[in-house]
Amino acid sequence: MADQILPTNDWPANAVPSDLIPPGRKRLGWAVMAAATLGLLATILVQILYKSEVDTIGFETWRPVVYAYVLWGVALGVGQVLTRGEDGQRALFLLPALLFTIAMVIFPTLFGFYIALTDWNLSSFSGRRFNGLDNFWQMLADPYYRNALFNMVLYVLAVLVEYVIAFGLALLLNAQIRARKFFRVVFLMPLMLSPVAVSWMVGKSLMEYRFGPAATLARHLGWENPAFFSDPIIARISIMVLDAWTFIPFMMIMLLAGLQAMSREILEAARVDGANAWQTFWQVTFPLMLPVSVTAVILRIIFKLKLADIIITVTSGGPGGATDSVSSFIYREYRDRSNVGYGTMLAMAYLVIIVVFVTWLLKFANRFVRNVN
């Protein structure tokens with residue numbers, strides 16, 4: 001007799017379907033979860049009041065809060081099984097990820113918003129005091145922060161130029177040229193280097209205004225004072241060039257992968273219909289590459305919004321904050337002034353800007369691709 005094979009969606013015999021759970025068991029599950037949640041919130045509140053010296057009842061360390069958090073996680077799992085039966089048992093697989101997300105993402109974010117409302121400075125002996133929205137008003141009046149935001153707009157717009165160059169390189173490396181594998185490795189090499197190494201190798205040595213080869217070549221071409229990082233406009237362009245030199249291979253490799261996956265029959269059909277190279281690219285290749293292009297551009301923009309290491313290494317934000325990105329400005333606020341409260345306010349405000357901007361960008365990209373296709 002052949003072995004009986006159960007369907008893959010069968011559940012153990014002791015599991016209870018959600019529609020057969022007795023009402024008393026559901027009430028017990030909700031009571032367990034509610035009691036654990038109230039216990040966790042009460043423990044956190046007591047500890048905050050104690051650490052803020054508002055109340056004398058509390059714990060010397062935050063260890064009891066951690067224990068309460070673990071118990072809350074266990075009670076949440078038990079409550080899910082009691083109230084949802086089979087569905088609750090399946091939900092247990094998500095519980096570790098949920099607890100990790102709360103501990104490593106949600107809690108640090110909430111703590112960051114709290115720190116942003118304090119005057120915490122590591123060089124001050126006054127400690128950490130709540131100062132309301134003072135940091136927020138200071139941020140709005142800070143001309144260097146506004147300049148950093150303006151620079152970010154320029155840096156993000158430079159992604160479009162990077163995309164054009166990366167697409168051209170991808171088309172070149174997708175064609176049947178000699179030593180194609182060699183050039184693929186060569187063009188990918190900048191991506192293998194650390195941005196800090198690129199900053200020292202290219203920014204500090206090649207573009208050094210006295211003895212750097214790039215400066216020497218510029219003098220031979222008639223530029224009397226090739227100071228790449230002294231003039232604000234040229235310094236911004238130099239930072240864009242360094243960043244592009246590092247990350248264009250990232251976009252290129254994504255676009256090349258898209259070109260490699262494209263059906264050859266479609267391109268051959270376009271040529272049979274009489275389309276020349278430009279018509280084949282503009283009417284066939286480019287529309288088919290739009291999903292890959294949008295993904296590459298969005299990922300590159302997200303990387304660009306975090307631009308800091310090249311600026312810190314090469315110009316430290318200078319001259320006069322002209323090349324500062326928001327990330328490098330926040331870094332110097334922490335490092336140079338030890339101003340944790342104000343720096344955190346800048347970081348939290350920038351986080352909100354990024355979330356709103358990326359959300360809008362994703363919606364715009366989806367609508368754009370749908371309209372074109």
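Residues numbered from 1 in each chain as written. Predicted model: local features only at pLDDT ≥ 70, side-chain atom pairs only at ≥ 80, totals over all residues. Heavy atoms only, no water.

### Quick look at the overall build of the protein
Selection rule: Counting from the N terminus, the helices are DSSP H or I runs at least four residues long and the strands are E runs at least two residues long. In this treatment the radius of gyration is a C-alpha quantity, and the globule benchmark scales as 2.2 Å times the residue count to the 0.38 power. Burial status follows relative accessibility: with a 1.4 Å probe on protein chains alone, a residue under 20% of its type maximum counts as buried, one over 50% as exposed, and anything between as partly exposed. Throughout, a contact is declared for two residues whenever any of their heavy atoms are within 4.5 Å.
When you go through the protein residue by residue, the secondary structure sums to 16 helices and zero strands. Relative to the globule expectation of 21 Å for 373 residues, the C-alpha radius of gyration of the protein, 29 Å, shows a markedly less compact shape. Reported as C-alpha extents along the three principal axes, the dimensions of the protein are approximately 85 × 80 × 35 Å. The buried share of the protein, reckoned over its 373 residues, is 38%. Considering only intrachain contacts with a sequence separation of at least 6, the fraction spanning at least 24 residues in the protein is 66%.

### As for the layout of surface pockets
Our working rule: Here a cavity means grid points, on a 1 Å grid over the protein atoms only, where a 1.4 Å probe fits yet cannot get out; a pocket means an open set of points with protein on both sides within 12 Å along at least five of seven lines; lining residues are those with an atom within 4 Å of a point. Grid points are joined across faces, edges and corners, and a volume is the space filled by probe spheres set on the points. Each residue is assigned to one of three groups, with Ala, Val, Leu, Ile, Met, Phe, Trp, Tyr, Cys and Pro labelled nonpolar, Asp, Glu, Lys and Arg labelled charged, and all others, Gly among them, labelled polar.
Looking at the largest pocket, its volume works out to about 910 Å³. Lining of the largest pocket is provided by 24 residues; of these, Ile-44, Ile-48, Trp-62, Phe-107 and Phe-111 occupy positions nearest its centre. Of all the secondary structure elements, the ones that give two or more residues to the lining of the largest pocket are helix 1 (23–51), helix 2 (63–84) and helix 4 (95–115). Ranked by residues supplied to the lining of the largest pocket, first place goes to helix 4 with seven residues. Looking at side-chain class alone, the lining of the largest pocket contains 18 nonpolar, three polar and three charged residues. As a volume, the second largest pocket reaches approximately 660 Å³. Lining the second largest pocket are 25 residues; nearest its centre among them are Val-156, Leu-160, Val-297, Ile-301 and Leu-361. Within the residue set of the lining of the second largest pocket, elements represented by two or more residues are helix 6 (143–174), helix 13 (290–305) and helix 16 (340–372). When residues in the lining of the second largest pocket are grouped by element, the largest group, nine residues, is from helix 6. In terms of residue class, the lining of the second largest pocket is made up of 24 nonpolar, one polar and no charged.

### Details of helix 15 (residues 326–337)
Along an α-helix, a turn takes 3.6 residues, which lines up residues three or four apart on a common side. Basically, it comes down to this: In this scheme, a helix's expected span is set at 1.5 Å multiplied by one less than its residue total.
Given a rise of 1.5 Å per residue, twelve residues ought to cover 16 Å, and the 16 Å separating the end C-alpha atoms of helix 15 matches this to within 8%. Listed in full, the buried residues belonging to helix 15 are Val-326, Ser-327, Ser-328, Phe-329, Ile-330, Arg-332 and Glu-333. Taken from the residues just after helix 15, Ser-338 is the one with a positive phi, measuring 55°.

### Thoughts on the pattern of salt bridges
The condition is simple: Throughout this description, the term salt bridge denotes a Lys or Arg side-chain nitrogen within 4 Å of a carboxyl oxygen of Asp or Glu.
Within the structure shown, the criterion is met by ten salt bridges. Linking Arg-129 and Asp-119 is a salt bridge whose minimum nitrogen-to-oxygen distance equals 3.1 Å. One end of the pair, Arg-129, is in the loop between helix 4 and helix 5 (134–140); the other, Asp-119, is in the loop between helix 4 and helix 5, and ten residues separate them in sequence. What makes Arg-129 partly exposed here is its relative accessible area of 49%. Given the relative accessible area of 24%, Asp-119 is considered partly exposed. Among the charged side chains, a network of salt bridges with common partners joins Glu-162, Asp-243, Arg-300 and Lys-304.

### Observations regarding the nonpolar core
In plain terms, the rule: Here, nonpolar core refers to any group of buried Ala, Val, Leu, Ile, Met, Phe, Trp, Tyr and Cys residues whose side-chain atoms link them within 4.5 Å.
Judged by nonpolar contacts, the single largest core of 63 residues is most densely connected at Tyr-145 and Phe-167. The biggest single contributor to this core is helix 6, with 13 residues. When near neighbours in sequence (up to four residues on either side) are disregarded, Tyr-145 contacts Met-139, Val-326, Phe-329, Leu-346, Ala-349 and Tyr-350.

### Quick notes on the confidence of the model for the protein
Put simply, the test is: The quantity known as pLDDT measures the predictor's confidence residue by residue, on a range of 0 to 100.
On average, residues of the protein score 85 in pLDDT, and 94% of them reach the 70 mark or higher. Here residues 1–9 is modelled with pLDDT under 50, and outside its nearest four sequence neighbours on either side it reaches one contact, counting other chains as well.

### Concerning the side chain of Asn-174
For clarity, the cut-off: Two N or O atoms form a polar contact when they lie within 3.5 Å of each other; inside protein one atom must be a possible hydrogen donor and the other a possible acceptor, and for residues adjacent in sequence the pair counts only when both atoms belong to side chains.
Tracing the backbone shows Asn-174 in helix 6. A polar contact is formed between the side chain of Asn-174 and the side chain of Gln-260, at a distance of 2.5 Å. With near-sequence residues (within four places) excluded, Asn-174 lies in contact with Arg-180, Arg-184, Leu-256, Leu-259, Gln-260 and Arg-264.

### Regarding the packing of helix 6 against helix 7 (residues 180–192)
What counts, and what does not: Lines fitted to the C-alpha atoms define the axes, with helices restricted to the stretch that makes contact. Angles between their N-to-C directions range from 0 to 180 degrees. Roughly parallel means an angle under 35 degrees; roughly antiparallel, over 145; roughly perpendicular, 65 to 115; everything else is oblique.
At a minimum axis separation of 9 Å, helix 6 and helix 7 run at an interaxial angle of 155°. By the angle between their axes, helix 6 is roughly antiparallel relative to helix 7. Facing Leu-169, Leu-173 and Asn-174 of helix 6, the residues of helix 7 in contact are Arg-180, Phe-183, Arg-184 and Phe-187. Looking at the contact of helix 6 with helix 7, its residues break down into four nonpolar, one polar and two charged.

### Description of the side chain of Asn-135
With respect to the element layout, Asn-135 can be found in helix 5. By relative accessible area, which is 5% here, Asn-135 ends up buried. When residues no more than four places from it in sequence are discounted, the contact partners of Asn-135 are Ala-116, Leu-117, Thr-118, Gly-341, Tyr-342 and Met-345.

### Some details on the environment of Trp-120
In this fold, Trp-120 is placed in the loop between helix 4 and helix 5. Separated by 84 residues in sequence, Trp-120 and Lys-204 have C-alpha atoms that sit 35 Å apart. Excluding anything up to four places from it in sequence, Trp-120 contacts Ile-115, Gly-127, Arg-128, Ser-338, Asn-339, Val-340 and Gly-341.

### With respect to unusual backbone geometry
Glycine aside, residues mostly have negative phi angles, and peptide bonds mostly take the trans form. Positive phi is not limited to glycine here, since Ala-179 has a value of about 55°. Assignment of secondary structure puts Ala-179 in the loop between helix 6 and helix 7. Positive phi outside glycine occurs at Ser-338, with the angle close to 55°. Position of Ser-338 relative to the elements: it lies in the loop between helix 15 and helix 16.

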